[in-house]
Amino acid sequence: MTSETTTEKCVDIVKCNEKTDQTDIEYYNKAASYWENVTPTIDGMLGGFAQISHIDIEGSSKLLKLLFKDEDGPGKVRALDCGAGIGRITKHLLSKYFQTVDLVEQDEHFLVKAKEYLAGVSSVGNLYCAGLQNFKFPQNTYDVIWFQWVLGHLTDEHLVELLDRCKSALVTRGVIVVKENVTSSGKVEKDEEDSSVTRPPKLLKDLFDKANLYILKEFKQNKFPKDIYQVQMFVLRQKPSA
Ligand SMILES: C[S@@+](CC[C@H](N)C(=O)[O-])C[C@H]1O[C@@H](n2cnc3c(N)ncnc32)[C@H](O)[C@@H]1O
């Protein structure tokens, strides 16, 4: 890892250049090229659906509040926003609840924009520039690890490895949140343009299971337009025996 500090804000972009075995493949390289050419705005992050951002944040906020009410719920010290883009979720959701929020994002131009976009947000911690398939999570650090609209960019195999790896990054009572589009066809649907897939809920659940995670809570995001994919939220924890 190398780090470069800017003068405008005391936040570093920590670059993780190492590519682990079998991650230098067309599936990831094509996605990286796609995102390189996306404008670093909320509309860019949401594929032209900037107008749903506030509904999305409202749904996520409800979920977090529910988790915090639980006596076995996560703490509020540190969260990680995975596939963070320009930091939309960090700014409007995670920074409202956590003392510190780190971001991990593969595209450096989004992180450069994130520094500006999050300039007034004092809780911003580290900005890691890495593909999730290669990211080495800091150990025993996070109360919540948040994955949203990014896991379709990972192959099934790397998704299981990723979820398995990130368990050790959680502190006691920590949880993983996955908020993703799901298909209603029961099939995996491919997007050749951005090199991603949308999975049916059953497959996602099988992959969670393979990563030795169980579903603590599951909710559907309400109030989204009818003509887009259904969005499902999963709160995951390590299986007691694992
Ligand atoms: C649809 S945007 C969502 C951004 C953010 N999660 C949000 O909801 O505002 C997908 C983001 O995932 C990032 N991404 C794609 N593949 C990734 C990978 N393998 N590792 C980390 N980030 C990735 C893209 O660069 C982009 O910023």
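Predicted model, so just to flag it, every value in this text is computed and none were measured.

Caption draft 1: Region of the structure containing the overall build of the protein chain. Assigned secondary structure in the protein chain consists of 7 helices and 11 strands. Computed over the C-alpha atoms, the radius of gyration of the protein chain is 17 Å, within 12% of the 18 Å expected from 2.2 N^0.38 for a compact globule of 242 residues. With respect to the principal axes defined by its C-alpha atoms, the protein chain has extents near 45 × 45 × 40 Å. Out of the 242 residues belonging to the protein chain, those deemed buried represent 52%. Contacts in the protein chain between residues at least 24 apart in sequence constitute 69% of all its contacts with a sequence separation of at least 6. When the accessible area of the protein chain is evaluated, it comes to approximately 11,600 Å², of which 49% is carbon and sulfur surface.

Caption draft 2: Region of interest: the nonpolar core. Judged by nonpolar contacts, the single largest core of 35 residues is most densely connected at Phe137, Ile145, Phe147 and Ile176. Those elements giving two or more residues to this core turn out to be strand E3 (78–82), strand E6 (142–148), helix H6 (156–166), strand E7 (170–182), helix H7 (201–210) and strand E11 (230–238). With 5 residues, the single largest contributor to this core is H6. Setting aside residues up to four positions removed in sequence, phenylalanine 147 forms contacts with Cys82, Leu132, Phe137, Leu162, Leu163, Cys166, Ile176, Val177, Val178, Lys179 and Glu180. With 23 residues, the next largest nonpolar core counts Leu111, Val121, Val124 and Cys129 among its residues.

Caption draft 3: Looking closely at the state of the cysteines. Enumeration over the complete set of coordinates arrives at 0 disulfides. Unpaired in terms of disulfides, cysteine 166 finds its nearest cysteine sulfur in cysteine 82, a separation of 6.9 Å. For cysteine 166, a relative accessible area of 0% gives the class buried.

Reading the values: rules and limits
Residues numbered from 1 in each chain as written. Predicted model: local features only at pLDDT ≥ 70, side-chain atom pairs only at ≥ 80, totals over all residues. Heavy atoms only, no water. Helix = DSSP H or I, 4+ residues; strand = E, 2+ residues; numbered from the N terminus. Rg over C-alpha atoms; globule rule 2.2 N^0.38 Å. Buried < 20%, exposed > 50% of the residue type's maximum accessible area, 1.4 Å probe, protein only. Contact = heavy atoms within 4.5 Å. Areas by Shrake-Rupley, 256 points an atom, 1.4 Å probe, with all protein chains shown as cover. Core = buried A, V, L, I, M, F, W, Y, C linked by side-chain atoms within 4.5 Å. Disulfide = S-S within 2.5 Å.

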